[in-house]
Amino acid sequence: AGLPFPVLGSLAGAGLPFLVLAVPRSHLLQAASNLLLPLPDSEFSKELKVVFEGEDGVDAGGVKKEFFSLIVPQLFDPVVGMFLETPEGDVFFNPLCDWYDVEYELAGVLLGLAAYNQVVLDVRLPRLAYKKLLAHLAPATFDAFALDDLADLDAELADGLRKLLAFEPPDAVEHTFCRTFVDDRDGETVDLVPGGADLPVTGDNRARFVEALVEYRLVRAVETQFARFAHGFARVMRDAMLERLVEPEELMLMVQGEPWDDLAALQEHAVYEGWTHDPQKDHPVVKRFWALLHALSHDDQKRFLMFVTAHNSAPLGGWRNLDPPLKIQRMTADSDLLPTAHTCFNLLLLPDYDPPDKLDPKLRRAIQDAEASASASDATALRLPACRITPALLTEPVPPSLRPSSPERTRSPTSLPADRGA
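This section reports on the structure supplied with the text. These numbers were taken from a predicted model, which means no experiment stands behind them.

What counts, and at which threshold
- Residues numbered from 1 in each chain as written.
- Predicted model: local features only at pLDDT ≥ 70, side-chain atom pairs only at ≥ 80, totals over all residues.
- Heavy atoms only, no water.
- Helix = DSSP H or I, 4+ residues; strand = E, 2+ residues; numbered from the N terminus.
- Buried < 20%, exposed > 50% of the residue type's maximum accessible area, 1.4 Å probe, protein only.
- Contact = heavy atoms within 4.5 Å.
- Core = buried A, V, L, I, M, F, W, Y, C linked by side-chain atoms within 4.5 Å.
- Phe/Tyr/Trp six-rings, centres within 6.5 Å; stacked < 30°, edge-to-face > 60°.
- Lys NZ or Arg CZ within 6 Å of the ring centre and 35° of its normal.

1. A short note on the overall build of the protein chain
The helix and strand tally for the protein chain stands at 15 helices and eleven strands. By residue count, 50% of the 422 residues in the protein chain fall in the buried class. Put simply, 69% of the contacts in the protein chain that link residues at least 6 apart link residues at least 24 apart.

Here it is as structure tokens:
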């Protein structure tokens, strides 16, 4: 695997307090790989600054956030195939994508750089992924993976396995579930233990079966992919993580930010400048802005946040910790100009629209134009060839009409429903 491309972009860091990454928008993935992966790990302890080639401006935080918002989907989007969407709506390593060693390492480095530089990412890894990362850094501090961890990937599968463990009477387990010690991987069976295809699941060994399936799904099946990803992450975060042990949930919030249901706290901590009203937050245009924002759908609110802050999750600790806080500044007197945002400073510039409801179509148009511009930039970026998709596994009792009458057993634990696969 690897990225056999010519060197793109440039890097400055040796002897400087910053790690300055200069990259072309059109080849972010190649440039980031060529520039970041050969670095000594010590360079990652410097504050990251990003420059887009051919563009003016100093990175005060917004350019860096935009860089991550553009490059992360090129690695974590399920369309690429390095990661698969789980039944719970997150993404996790594709066990069948085993040839992108460099790209998995780059994904780990980028995740580590984002956490180290306090940049919230629009990526949805499950808590399990962060537990695996911390276990990789400090294996003695974490127990073996269990059903609760598997539930992060597939709650329905975990629930089915709990039913298997609790099924009564025990001596009916074998002919009710009709399972052997195998997992199904893209239509191929994999033994969970030596000779697993010929070993039936019974009331006596069902706990062993569950342990073996959990260990396979969470460790062995993704061992190659996760090892490269964890190596990249550890290059950036090993020392920082070991200085203070954190829980998986805390690391998850560091990377992905706080979930939010509404933007009331964002409004509470916003600041204002230039409005001819006392207090400025009661200016008719400002009040119209907040009324419109709260009325938007959750998806459109996330688009607004991308437009103004370059990310759509709240920082660790919630909107009160947005740094700098959202500023709504008067740009001009009434005009036909669209609102403007400066993501470096979380700054929204609004004309003093007259009447105030003139804001509504203007703000919507500004958000749409910004999203279209980002999509156009992303469309020119490298898209990796998609890996194959592995089907999910469900464990349920086999209906009596489908149970084999002979000693032969189904070789795959996949049984319900067929359309939950690839």
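2. Comments concerning the nonpolar core
Ranked by internal contacts, the top residues of the largest apolar core, which has 87 residues, are Leu 36, Phe 67, Phe 76, Leu 111, Leu 125 and Phe 229. The element contributing the most residues to this core is helix H4 (residues 101-116), with nine residues. Beyond its immediate sequence surroundings of up to four residues, Leu 36 is in contact with Leu 19, Leu 21, Phe 44, Leu 106, Leu 110, Leu 113 and Arg 235. Counting residues in hydrophobic clusters, the runner-up holds 29 residues, among them Phe 304, Leu 305, Val 308 and Leu 363.

3. Thoughts on unusual backbone geometry
In this chain, Glu 168 is followed by Pro 169 through a cis amide linkage whose omega measures -5 degrees. You can see Pro 169 is positioned in the loop between helix H7 (155-166) and helix H8 (173-177). Residues Asp 323 and Pro 324 are joined by a peptide bond in cis, for which omega reads -5 degrees. With respect to the secondary-structure elements, Pro 324 resides in the loop between helix H14 (298-309) and strand E9 (327-330). Phi is positive for Gln 118, which is not a glycine, with a value near 60 degrees. For Gln 118, the position within the fold is in the loop between H4 and helix H5 (127-137).

4. Observations concerning helix H11 (residues 248-256)
Note: α-helices contain 3.6 residues per turn, so residues at a spacing of three or four share the same orientation. All buried positions along H11 are accounted for by Pro 248, Leu 251, Met 254, Val 255 and Gln 256. One or two steps after H11, the chain reaches Gly 257, where phi turns positive at roughly 80 degrees.

5. Comments concerning the packing of aromatic side chains
Across all of its chains, the model carries 16 aromatic pairs by this definition. Where Phe 181 meets Phe 209, the ring centres are 5.4 Å apart and the plane angle is 80 degrees; that geometry is what we call edge-to-face. Within this pair, whereas Phe 181 is found in the loop between H8 and strand E6 (182-185), its partner Phe 209 is found in helix H9 (residues 206-218), the two being separated by 28 residues in sequence. An identical accessibility class is assigned to Phe 181 and Phe 209; each is buried. Over the ring of Phe 52 we find Arg 25, and its NZ or CZ is 4.0 Å from the ring centre. Of note, Lys 132 hangs over the ring of Phe 226, and the distance from its end group to the ring centre comes to 4.3 Å.

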